[in-house]
Each structure stands twice: as C-alpha cells, then as structure tokens.
Amino acid sequence: MERPEHELIRQSWRAVSRSPLEHGTVLFARLFDLEPGLLPLFQYNCRQFSSPEDCLSSPEFLDHIRKVMLVIDAAVTNVEDLSSLEEYLASLGRKHRAVGVKLSSFSTVGESLLYMLEKCLGPAFTPATRAAWSQLYGAVVEAMSRGWGGE
Ligand code: HEM
C-alpha cells in the first residue's frame, strides 16, 4: 500500500544514493565513534585495522560500505512490501552473527544511519522523515534478527 511515509523515504534516499560511498563513509565513521569495539570485526586477509581511518580507507571496507548501501537501496525499492527480502535479510543476519556482530550493535548502526541522513539532508530531514526511516530500518533489523535465531 502506498503511504505518505514511503514517499518521504524515496525522496530522501534520492539525495543520498547519488553518492553512496561518501554517505556510507559518514555512516561508518559515526558508527566507529559510537562503538569503537566494532572495528576489530572487520578483518580482511586476517589483518586488523589500527584505526577507523585505516579501515575507512581500505578498498575491502569500501566494498562493504557499497554492499550496505545496496541493501538499504533494496529496502527503499521494496518499502511497500519487504517480504520479498525476508529470506535474504535473514541469511544476511546469519552471516553477521557468524562474523561476531551482536544484534544490539544494529541499534548503533540505526543511530548512525539517522545521523548520516541528517547530515546529508539538513532541514529536509524532518521529524516525519526521521520517523519513516526509523520504521523502515526497524523492519530491516527485524528481518535480519531472524538470523540470530531470536536472540
Ligand atoms: C555492526 C555493523 C556491521 C559489521 C561489524 C559488519 C561486518 C561485516 C563483515 C565482517 C562482513 C564480511 C566481510 C565483507 O563482506 O566485507 C560483512 C558482510 C556484509 N555485510 Fe556487514 N557489517 C555490519 C553492518 C551491515 C549492515 C547494516 C548491512 C546492510 C544493511 C550489511 C551488509 C553486508 C553485506 C551485504 C555483506 C556481504 C554478505 C555476503 O558476502 O553475502 N552489513 N559485514
């Protein structure tokens, strides 16, 4: 069902998705500020990053940023009915549990997402737009949480 909040989501995402890497970097820089303990979970070729800056400039991590932005893009495209993404999101949840991510860290990701949207949209990030994003992100995390088996 088309609802006004879906239009708010689509409109606001248009501005962000023009430069996904730039905005995704804002999101993850904020995430590492809020929860520095997440940094060691990102390891490529068994190499740990020495600082958030080191991580945020590595090609493998930039690929992860692109992947995250693509998942959000898919959620925006399917905002009216996320059921087609349910299985994918549950398996994505399982993968994240396997690499040591706690479900609770996805709340910090949500805060960082709202922070990035606010930075990108400025005054256009109205309370209604914020509420619409909180709802969509909540639905994505709920679907991913099935991969944690109800933890
Ligand atoms: C707590 C924050 C997060 C951590 C610590 C984390 C960590 C990881 C790690 C270590 C990998 C495997 C290496 C890689 O592909 O780069 C990965 C894969 C991935 N992550 Fe994340 N991630 C986080 C949040 C997210 C979010 C919010 C999304 C999307 C909504 C996401 C989407 C993906 C995707 C699509 C993959 C690739 C899965 C595949 O190979 O099939 N991640 N993540």
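Residues numbered from 1 in each chain as written. Predicted model: local features only at pLDDT ≥ 70, side-chain atom pairs only at ≥ 80, totals over all residues. Heavy atoms only, no water.

Chemist: Explanation requested: the site of the ligand in the structure shown.
Modeler: Taken together, 17 residues sit near the ligand, with Tyr44, His64, Lys67, Lys95 and His96 positioned nearest. Within the side chain of Lys95, one N or O atom sits 2.7 Å away from an oxygen atom of the ligand. Here His96 contributes a side-chain N or O atom positioned 2.8 Å from a nitrogen atom of the ligand. Mapped by element, the contributors of at least two residues to the shell around the ligand are helix H4 (59-77), helix H5 (86-98) and helix H6 (105-121). (Near = heavy atom within 4 Å. Polar contact = N/O pair within 3.5 Å; in protein donor to acceptor, adjacent residues only side chain to side chain. Helix = DSSP H or I, 4+ residues; strand = E, 2+ residues; numbered from the N terminus.)

Chemist: Got a minute to help me understand the nonpolar core in this structure?
Modeler: As a rule of thumb, soluble globular proteins bury nonpolar side chains together. Of all hydrophobic cores here, the largest spans 46 residues; its most connected members are Phe28, Leu117 and Trp133. Mapped onto this core, the elements with two or more residues apiece are helix H1 (4-17), helix H2 (20-34), helix H3 (52-56), H4, H5, H6 and helix H7 (127-145). Per-element tally for this core: the top contributor is H4, with nine residues. Once you skip the residues sitting within four places of it in the chain, Phe28 turns out to touch Phe42, Leu56, Phe61, His64, Ile65 and Val68. (Core = buried A, V, L, I, M, F, W, Y, C linked by side-chain atoms within 4.5 Å. Buried < 20%, exposed > 50% of the residue type's maximum accessible area, 1.4 Å probe, protein only. Contact = heavy atoms within 4.5 Å.)

Chemist: Looking at this structure, I do not really get the state of the cysteines. What am I missing?
Modeler: Covalently bonding the sulfur atom of one cysteine to the sulfur atom of another cysteine gives a disulfide. Within this structure, the stated rule accounts for zero disulfides. Between Cys46, a cysteine without a disulfide, and Cys55, which holds the nearest cysteine sulfur, the sulfur-to-sulfur distance is 15 Å. For Cys46, a relative accessible area of 75% translates into the label exposed. (Disulfide = S-S within 2.5 Å.)

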